[in-house]
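Fold and geometry: a report
Each chain, written out:
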Amino acid sequence: MSYAYQRLPDPGAGLRLHLNENTAGCSERVLEAMRTVTRADAAFYPDYTRVHEAVAAYFGVATDWLALTNGLDEGIHAACFAWLQRGEGGERREAVIVEPAFDMYAACADAAGARLRHVMPRPEFAFPLEETLDAITSDTRLVFLTNPNNPTGLPVPRRALEAVLGRLPAEALVFLDEAYADFADEHMLDDLGSHPRLLVGRTFAKAHGLAAVRAGAVMAAPPVIDRLRRVLPPYGVNVFAMAGLLAAVEDHDYLDWYRGQVRESRRLVHAFCERQAIHAWPSQANFVLMRVGERSREVVAAMARRGVFVRDRSSEPGCAGCLRMSAGVVEHTRRGLAALEEALCDVR
Ligand SMILES: *Cc1c(COP(=O)(O)O)cnc(C)c1O
C-alpha cells in the first residue's frame with residue numbers, strides 16, 4: 001500500500017509547522033484500529049501484554065527492557081522523579097542539560113528538586129564534550145542528550161555518548177532522547193546491551209503522527225526499567241493508544257512514506273536557504289533550524305499573518321536570530337517556504 005497525502009480537513013487556524021508534528025495526520029490503519037475499540041474495552045482497565053510485546057519487538061528489545069509511556073514526556077517526567085529527588089539527608093541531585101535543549105528536561109528536573117547544570121553550546125553547535133564532562137559531578141544523576149537534537153537537528157557523536165557514559169558516577173544515567181531517530185542516519189538503540197547506564201526514549205508522536213494520542217517508550221537494562229516502573233502510573237497508556245500502537249508498529253508503508261517526505265522537504269528547505277543566503281544546520285530530523293537574522297521574531301509574525309506557524313527560537317542558547325520550521329509533508333514545506341520568502345521581503 002502506498003500513501004498519497006490526503007488533505008486534512010482545514011484546521012482553519014493555519015498550517016502548523018511549529019511543533020514538528022506530522023501534518024499529514026496519522027496513518028488511516030491506525031485510526032481504523034482505534035475504531036475497533038469496544039464498549040467493554042473502554043470499560044475495563046487495559047491489559048498491556050500484547051502491545052508491550054509488539055512494541056518491544058518493533059524496537060528489537062526484550063520485554064523487560066521496555067516501559068510504555070503516555071508520550072515520551074511521561075518517560076522524562078518519570079526518570080526525573082526516580083533519579084533526581086533529594087537524597088535521604090536532603091542533598092540535591094544534579095541534572096546536566098546540553099543546550100539548546102527540549103524544555104521538558106529542565107521543567108521536570110526542576111520540579112523534582114534537582115540542581116540544573118546547563119552546558120552552553122559551542123559555535124555551530126559542535127558537540128561540547130569537554131564542557132559536558134566538566135559539568136558531571138558526584139551528585140549528577142541524569143545527563144540529558146538528544147539524538148538528533150531539537151532544535152538543531154544535529155546528531156550526538158557516538159564517541160561523545162560513550163565518553164559521557166564513561167564519566168558517570170555510579171548511580172547516574174544518560175537519558176538519550178531519540179524522539180527524532182526515525183529520520184536520522186544512525187540511532188543508538190543497539191548500544192543498550194553494552195551500556196547499563198543508558199536509557200533511550202522514543203515517541204510515536206512525530207514520525208507516526210500520534211502526538212495527541214500520547215504514546216512513547218523508554219528502554220534500558222531491566223534494573224533501570226524496574227526503577228522507572230515504581231514511579232510510572234500502572235495505566236498511563238489508554239485503550240485507544242494501545243489499539244493504535246498495535247497498528248502503528250505494523251504499518252511500515254506509512255512510516256516509509258513520511259520519511260521520504262521528510263528527506264525531500266529537508267532538501268527543499270536547505271536549497272531555499274542556500275538561495276537566500278540563510279544559514280541552516282544540516283538536519284537529521286523532521287525540521288530545520290535556520291538563522292534568518294536579527295528580525296526573526298518579525299519574520300515569524302509575518303508568516304503567521306499568512307497562516308503559517310513556525311517557531312521563533314531566538315531566545316534559546318546559541319540560537320540568536322533563528323527560527324525552526326517543520327520539514328515533513330512536501331506540499332506543506334512548499335507552502336511554508338513560499339510564506340517565508342514573502343515574510344523575508346516584508347521584513348527586509
Ligand atoms: C516532541 C518531543 C518529545 C515529546 O514526545 P511526546 O511523545 O509527545 O511526549 C520528547 N523529546 C523531544 C526532543 C521532542 O521534541
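Just above, that's the structure.
Description of the structure in this document. (Residues numbered from 1 in each chain as written. Predicted model: local features only at pLDDT ≥ 70, side-chain atom pairs only at ≥ 80, totals over all residues. Heavy atoms only, no water.)

Now for the nonpolar core. Counting 52 residues, the largest nonpolar core has Val55, Leu145 and Val174 as its most contacted members. Among the elements that take part in this core, helix α9 (residues 239-248) stands out by supplying seven residues, more than any other. With residues near it in sequence (within four places) discarded, Leu145 still touches Val98, Phe127, Val156, Leu161, Val174, Phe175, Leu176 and Asp177. Among the nonpolar cores identified, the runner-up in size contains 41 residues, and Ala78, Ala179, Val262 and Phe287 belong to it. (Core = buried A, V, L, I, M, F, W, Y, C linked by side-chain atoms within 4.5 Å. Buried < 20%, exposed > 50% of the residue type's maximum accessible area, 1.4 Å probe, protein only. Helix = DSSP H or I, 4+ residues; strand = E, 2+ residues; numbered from the N terminus. Contact = heavy atoms within 4.5 Å.)

Take the packing of helix α11 (residues 296-305) against helix α12 (residues 330-347) next. At their nearest, the axes of α11 and α12 sit 8 Å apart, and the two run at 125 degrees to each other. Judged on the interaxial angle alone, α12 and α11 are oblique. In this structure, α11 crosses over α12, and the sense of that crossing is right-handed. Residues Glu298, Val299, Ala302, Met303 and Arg305 of α11 form the contact with α12, whose participating residues are Gly336, Ala339, Leu340, Ala343, Leu344, Asp346 and Val347. The residue inventory of the contact of α11 with α12, partitioned by class, reads eight nonpolar, one polar and three charged. (Axes fitted to C-alpha atoms, helices over the stretch in contact; angles between N-to-C directions. Parallel < 35°, antiparallel > 145°, perpendicular 65-115°, else oblique. Left-handed = near helix turned anticlockwise from the far one by under 90°. Nonpolar A, V, L, I, M, F, W, Y, C, P; charged D, E, K, R; others polar.)

Let us now look at the pairing of strand β7 (residues 198-203). Successive side chains on a regular strand alternate, one facing one side of the sheet and the next facing the other. Within β7, six of the six residues are buried, which leaves it mostly tucked inside the rest of the structure. Both faces of β7 are covered, namely the face carrying Leu198, Val200 and Arg202 and the face carrying Leu199, Gly201 and Thr203. Inspection of the sheet shows β7 paired to strand β8 (residues 216-219) by four bridges, in the antiparallel sense. Each bridged residue has a counterpart across the sheet, and for Gly201 the counterpart in β8 is Val218. (Pairing = 2+ DSSP bridges.)

A complete count under the given rule lists one cavity of 30 Å³ or more for this structure. Estimates place the volume of the largest cavity at around 30 Å³. Of the residues belonging to the lining of the largest cavity, the class tally is three nonpolar, two polar and one charged. (1 Å grid on protein atoms, 1.4 Å probe; cavity = no way out; pocket = protein on both sides within 12 Å on 5 of 7 lines; lining within 4 Å. Points joined across faces, edges and corners; volume = space filled by probe spheres on them.)

It is at 8 Å that the axes of helix α4 (residues 71-83) and helix α5 (residues 103-111) come closest, and there the two elements cross at 35 degrees. The crossing of α4 and α5 is right-handed. Contact residues: Asp73, Ile76, His77, Cys80 and Phe81 in α4; Met104, Tyr105, Cys108, Ala109 and Ala111 in α5. For the contact of α4 with α5, a count of residues per class yields eight nonpolar, one polar and one charged.

This paragraph deals with the sheet that holds strand β9 (residues 279-280). On the basis of which strands lie adjacent, the open sheet formed by four strands has the order β9-β10-β13-β12 and antiparallel pairing. The open sheet has two edge strands, β9 and β12 (311-312), and neither has a second partner. The sheet strands contacting α12 are β10 (287-291) and β13 (322-326), and the helix crosses β13 at an angle near 150 degrees.

Moving on, we get to the sheet that holds strand β2 (residues 66-69). Paired through backbone hydrogen bonds, the strands of a sheet run either parallel or antiparallel to each other. Strand order in the open sheet formed by seven strands is β2-β8-β7-β6-β5-β3-β4, with mixed pairing between adjacent strands. Of all strands in the sheet, those bounded by a partner on one side alone are β2 and β4 (115-119). Pairs of neighbouring strands in the sheet enclose a mean axial angle of 20 degrees, with direction left out of account. Here four bridges tie β2 to β8, and the two strands are oriented antiparallel to one another. In the strand pairing of β8, Thr69 is matched with Gly216. Contacts from α5 reach β3 (94-98), β4, β5 (140-146) and β6 (173-177) within the one sheet, and its direction differs from that of β4 by about 155 degrees. Sheet strands touched by helix α7 (residues 158-167): β5, β6 and β7. Its angle to β6, the strand with the most contacts, is close to 150 degrees.

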